[in-house]
Amino acid sequence: MNQQVHTRIAVLGPGAIGTTVAAALHEVGRTPMLCGRTPRDSLVLQGSGVRIVVPGPVRTDPAQIARPVDLVFLAVKATQTAATAQWLAALSGPQTVVCVLQNGVEQLESVTALCPQGRVVPAVVWFPAQAQSDGSVLLRSDARISLPDEAASLVVAQALQGSRCLVDLVSNFRSLAWQKLLQNAAAGLMALTHRRSGMYGRHDISKLTLDYLQECLAVARAEGAELGDEVPQAILDKFQASPADLGTSILADREAGRPLEWDIRNGVIARRGRARGIPTPLGDVLV
C-alpha cells in the first residue's frame, strides 16, 4: 500500500470546496476527519452521474481533537479564517501540512500567523462546486487544484493520488495564483450586478470586464506575475463560454446574506496597486 493511505487527514470547513475534496478522498479509501461549525452526519457530493456520501460526523469542538493530523485541508472562506485559530492549533503539529483551499494571493500571510507549527501550502482551486438547497454539493466540472512545486506539496499530492481531484505541481505558482485572482476579480461583477455568467455576453459588460482586467494585469505584473497580454481576453472568453446560469461563490454569498470575500478578491488589487504606484481607477470605483 502507498504511504498516503496511512496519512491522517482533516478537512476543516466542509462547504462546497471542502466537501468535494472530502468526497475525493473518501472515494479512494482515505476518509478524512470532518471539522466545521455545524454538526452533520454526512456530506454528499453529486455530479457527472455520481453520488458520493462521506460519513461524518462533522466535529464542531476543537477541544475534542486528541492529537495533530498529518494533513489539513483548510477550506473555509477567507472571511472565516481568523475563526479557525483554535482548530488549527489542535490539528497541527510541527510536521503537519496545511493546504489552504482559498481564493486570493495572501493565503500564506493570513494562515501562517494562525498556524506557526505547521507547513502552509497555498493552492489554486480550479473547479466550480455549488452548495444545493438540500445540503448536498454539485460539482460542475472535473476537480483540479494547483500547488507550488515544493516538498510540502508532495504530501498533498500523495494524499489525493488516484482520486477524482487532480493535483498539478507548478514551478511559477505566483503567476498562476494571480491569473486565478484576475478571474475571481472579474467574477466580482456578478456579485455587484446580482447576475450570472450570461451577462458577459453584453457588449457594455464585456468592455468593462476587459478594461478592469487590464488594470488588474498591470498590478499582477508589478507583483512579479509573468502573465501575457492575452490573459484578459482569455478570462472573458471563459466567462462567455460558460453556461448562462453559472454563478460564482461570491454571488452565492451575497444572495445568502453572508460576508463577502470582497477584499481578498477585488480589494487586494487596489491595495497592491496603491503600494506599487499603479492607478486602478476602475477597481477603486468597483471596490
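In the block above lies the structure referred to throughout.
Residues numbered from 1 in each chain as written. Predicted model: local features only at pLDDT ≥ 70, side-chain atom pairs only at ≥ 80, totals over all residues. Heavy atoms only, no water.

S.K.: What should I look at first to understand the pairing of strand 12 (residues 143-148) in this one?
M.R.: Successive residues of a regular strand alternate their side chains across the two faces of the sheet. Strand 12 sits mainly inside the fold: five of its six residues count as buried. The pairing of strand 9 (residues 124-125) with strand 12 spans two bridges and is antiparallel. Each bridged residue has a counterpart across the sheet, and for V124 the counterpart in strand 12 is S146. Across six bridges, the pairing between strand 12 and strand 13 (residues 165-170) is parallel. (Buried < 20%, exposed > 50% of the residue type's maximum accessible area, 1.4 Å probe, protein only. Helix = DSSP H or I, 4+ residues; strand = E, 2+ residues; numbered from the N terminus. Pairing = 2+ DSSP bridges.)

S.K.: I keep staring at the packing of aromatic side chains and nothing clicks. Help me out?
M.R.: Aromatic ring pairs: the centre-centre distance and the angle between the two ring planes describe each pair. All told, the structure shown has one aromatic pair when counted by the stated rule. Between Y200 and F239 the ring centres are 4.4 Å apart and the planes differ by 15 degrees, which places this aromatic pair in the stacked class. Of this pair, Y200 sits in the loop between helix 5 (173-193) and helix 6 (203-222) while F239 sits in helix 7 (residues 231-241), placing them 39 residues apart in sequence. Accessibility assignment for this pair places Y200 and F239 in one class, buried. Above the ring of W126, the side-chain terminus of K180 is found at 5.5 Å from the ring centroid. (Phe/Tyr/Trp six-rings, centres within 6.5 Å; stacked < 30°, edge-to-face > 60°. Lys NZ or Arg CZ within 6 Å of the ring centre and 35° of its normal.)

S.K.: What is the right way to look at the sheet that holds strand 11 (residues 137-139) in this model?
M.R.: The strands making up a sheet are joined through hydrogen bonds of the backbone, oriented either antiparallel or parallel. Across the sheet, which stays open at both edges, the four strands sit in the order 4-3-11-10 with mixed pairing between neighbours. The open sheet is flanked by strand 4 (50-55) and strand 10 (129-131), the only strands paired with a single partner. Each neighbouring strand pair of the sheet contributes to a mean axis angle of 25 degrees, computed without reference to strand direction. The pairing of strand 3 (residues 42-47) with strand 11 spans two bridges and is parallel. (Axes fitted to C-alpha atoms, helices over the stretch in contact; angles between N-to-C directions.)

S.K.: I tried to follow the sheet that holds strand 1 (residues 9-12) on my own but got confused; where do I start?
M.R.: Here six strands make up an open sheet; going across it, the order is 5-2-1-6-7-8 and the pairing parallel. In this open sheet, the two strands that pair with only one neighbour each are strand 5 (58-59) and strand 8 (119-122). Relative to strand 7 (residues 97-100), strand 6 (residues 71-74) is paired through four bridges, and the arrangement is parallel. Opposite F73, over in strand 7, you have C99 as the bridge partner. Packed on one face of the sheet, helix 1 (residues 16-27) meets strand 1, strand 2 (33-35) and strand 6 and runs near 160 degrees to strand 1. (Contact = heavy atoms within 4.5 Å.)

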